[in-house]
Amino acid sequence: MTEEKIEQAAQTAEKEVVAKAEKSEKKRAPRKRENREDKPMDEFIDRVVHINRVSKTVKGGRNMSFAALAVVGDKKGRIGFAHAKAKEVPDAIKKATELARRKLVRVPLKEGRTLHHDMYGHFGSGKVILRTAPAGTGIIAGGPMRAVFEVLGIQDVVAKCTGSSNPHNMIRATFKALLDEAAPRHVAARRGKKVSEIVGHREETVAE
């Protein structure tokens, strides 16, 4: 009986060892799950517009951190911007770009290269003027507005900032102007007309 018990104990121990080894292999095996990193995000490009060092005064002193303002777009009419803070600059940029990707908006483009009409936008003390331009003009804009047009996919535009040079106000004023753009298709649908009628009337007005 003693030998039988010893053999049973040995078999039980072997089974336990095999079971632990199988469990460890399962744990080490890579999990097949979809992460946000696995999704194709190469279609989007990002630009860092502004980085600022900020501090918060607390009882023990000051907590230093960095604030980043970034814009993200696909160069096909979709764009978003966001502002984020972190202890380090790379973390702040990463947070800002991720937030911007969640807040994408679509802007209609004329021929995929310029705006449909001239626009004016303002936010706070920031005031911007955006003008459509013929092919070959390029992006005539400075600072934050240039970053917006590059990621949006605009190739020909003339822009001017007539108010505050604060990058946050300039970005928000530019977005307000872009969101107020009226594409001929939307105007035709609102008025119950054809796109050719809207575009033809606009060309006649410009010629006069």
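Just above sits the structure.
Residues numbered from 1 in each chain as written. Predicted model: local features only at pLDDT ≥ 70, side-chain atom pairs only at ≥ 80, totals over all residues. Heavy atoms only, no water.

### Description of the overall build of the protein chain
Here is the rule: Helix numbering and strand numbering both begin at the N terminus, where a helix is a DSSP run of H or I of at least 4 residues and a strand a DSSP run of E of at least 2. Residue burial is assigned from relative accessible area. The probe radius is 1.4 Å, only protein chains are included, and a residue is buried under 20% of its type maximum, exposed over 50%, and partly exposed in between. Only heavy atoms enter the contact rule, under which two residues are in contact if any of them lie within 4.5 Å. Per-residue and other accessible areas follow the Shrake-Rupley method at a 1.4 Å probe size, with only the shown protein chains counted as cover for residues.
Each helix and strand in the protein chain was counted, giving 6 helices and 8 strands. Listing each helix as α and each strand as β along the protein chain from the N terminus yields α-β-β-β-α-β-β-β-β-α-β-α-α-α. Counting every position in the protein chain, which comprises 208 residues, the buried fraction comes to 30%. By sequence separation, contacts in the protein chain at least 24 residues apart represent 55% of the contacts at least 6 residues apart. Surface summary for the protein chain: the accessible area is close to 14400 Å², and the carbon and sulfur share equals 50%.

### Quick look at unusual backbone geometry
For Lys75, which is not glycine, the phi torsion reads 60° and is therefore positive. Positionally, Lys75 belongs in the loop between strand 2 (61-73) and strand 3 (78-86). The backbone phi angle of Glu111 is positive, close to 60°, even though this residue is not glycine.

### Quick word on the side chain of Arg113
Spelled out, the test is: Here a polar contact is taken to be a pair of N or O atoms separated by no more than 3.5 Å, where protein atoms must pair a possible hydrogen donor with a possible acceptor and residues adjacent in sequence count only if both atoms sit in side chains.
Looking at the secondary structure, you find Arg113 in the loop between strand 4 (105-106) and strand 5 (119-123). A distance of 3.0 Å separates the side chain of Arg113 from the side chain of Glu111, its partner in a polar contact.

### Side note on helix 2 (residues 89-102)
Stated formally: Here, expected helix span is obtained from the residue count minus one, scaled by 1.5 Å. Directions pointing from the helix axis toward each C-beta atom define the arc.
If you check helix 2, its first and last C-alpha atoms are 20 Å apart, about what 14 residues at 1.5 Å a residue would give, namely 20 Å. Among the residues of helix 2, Ala92, Ala96, Thr97 and Ala100 are the ones counted as buried. Buried positions in helix 2, seen along its axis, are confined to an arc of 130° and lie on one side of it. Exposed residues pointing more than 90 degrees away from the buried face of helix 2 are listed as Pro90 and Arg102.

### A short note on the packing of aromatic side chains
To keep it simple, the criterion reads: Side-chain rings of Phe, Tyr and Trp, where Trp is taken by its six-membered ring, are said to pair if the distance between their centres is within 6.5 Å; with planes under 30 degrees apart they count as stacked, over 60 as edge-to-face, and otherwise as tilted. Only Lys NZ and Arg CZ are tested; either one counts as a charge over a ring when it is within 6 Å of the ring centre and within 35 degrees of the ring normal.
On inspection of all chains with the given rule, the structure shows 1 aromatic pair. Geometry around Phe81 places Lys103 over its ring, the cationic atom sitting 5.9 Å from the centre.

### With respect to the sheet that holds strand 7 (residues 139-140)
Heads up, the rule is: When DSSP locates at least two bridges between a pair of strands, those strands are taken to pair. To obtain an axis, a line is fitted to C-alpha atoms, over the contacting stretch when the element is a helix, and the angle between two such axes runs from 0 to 180 degrees between their N-to-C directions.
Here we have 4 strands laid out as an open sheet, ordered 5-6-8-7, and mixed in their pairing. Each edge of the sheet is formed by a strand with only one pairing partner; in this case those strands are strand 5 and strand 7. Where helix 3 (residues 144-152) meets the sheet, its contacts fall on strand 6 (126-132), strand 7 and strand 8 (157-161), and the angle it forms with strand 8 comes to roughly 150°. Each of strand 5, strand 6 and strand 8 is contacted by helix 4 (residues 167-179), which is oriented at about 140° to strand 5, the strand it contacts most.

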